[in-house]
Every structure is written in C-alpha cells, then in structure tokens.
Amino acid sequence: APDQCGFQPLDPAQATLLSTPGVAVIDFLDGDGASGTRDGEAAAVADFVADAIGSLDVSDKAGEGTRKCRAGDIALLVPTGTDIWRYERALEE
C-alpha cells in the first residue's frame, strides 16, 4: 500500500559486535520437545533480554564506538492480539 513504509531486511543478532540493527530468534521447547507455551516464550525472551543488557556490545548512536547494551536498545515486536502482559510480567520479574 502507498501509505506503508518499505521493507527493510534485518540482520540476525550475533554474539559479536553488531554493525546494523539486528534481530534475535529465540528457540524454546517445553519438556516433551514441542513448542512451549506463551508464558514459556515470555520467560525465554526475558532471559535473553537480561543476558543482553550489560554484556552485548552495540554501536553507539553516533556510530563512532561501542558500548554495552541497555534496556532502551531492545524492542519487542509482537503480532496484534498477542497477550503482551505475559511479556511485561516476565520482563518485570
């Protein structure tokens, strides 16, 4: 549609320095190897965020150096209708 922004592919996050904004894919399974619940997914996301903050190197806004990841550097994108409160609760914990 003419009023939508164009497609911009994102590079996956690495355990090393990111030169561009990235995306992390978080795989999680429940005990029987099947896809987990939304609460399990929320907990996995919260664990990833907690691990990234203060440890993952990111480019500063000026692009002249690096610094450790802060909470404000992370965006959680979820589909419409997702129980976002589950993620909020897991992140608060």
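As shown above, the structure is provided for reference.
Cut-offs used in this document
Residues numbered from 1 in each chain as written. Predicted model: local features only at pLDDT ≥ 70, side-chain atom pairs only at ≥ 80, totals over all residues. Heavy atoms only, no water. Salt bridge = Lys/Arg side-chain N within 4 Å of Asp/Glu carboxyl O. Helix = DSSP H or I, 4+ residues; strand = E, 2+ residues; numbered from the N terminus. Buried < 20%, exposed > 50% of the residue type's maximum accessible area, 1.4 Å probe, protein only. Core = buried A, V, L, I, M, F, W, Y, C linked by side-chain atoms within 4.5 Å. Contact = heavy atoms within 4.5 Å.

Draft legend 1. Layout of the pattern of salt bridges. Counted by the stated rule, this structure contains six salt bridges. One salt bridge in this structure joins Glu41 and Arg38, with 2.7 Å as the shortest N-O distance. With Glu41 and Arg38 both in helix 1 (residues 38-52), this residue pair falls three residues apart, about one helical turn. What makes Glu41 partly exposed here is its relative accessible area of 23%. One salt bridge in this structure joins Lys68 and Asp57, with 2.7 Å as the shortest N-O distance. You can see Lys68 sitting in strand 4 (residues 66-68) and its partner Asp57 sitting in strand 3 (residues 57-59), a full eleven residues away along the chain. Classification of Lys68 as partly exposed rests on a relative accessible area of 42%. Exposure remark for Asp57: the relative accessible area of 29% places this residue in the partly exposed category. Overlapping salt bridges bring together Asp39, Asp83, Arg86 and Arg89 as one network.

Draft legend 2. How the structure looks around the nonpolar core. Counting residues in each nonpolar core, the largest one holds six residues, listed as Ala42, Val45, Ala46, Val49, Tyr87 and Ala90. Of all the secondary-structure elements, those providing two or more residues to this core are helix 1 and helix 2 (84-92). Of the residues forming this core, the biggest block, four residues, is contributed by helix 1. Beyond its immediate sequence surroundings of up to four residues, Ala46 is in contact with Ala90 and Leu91.

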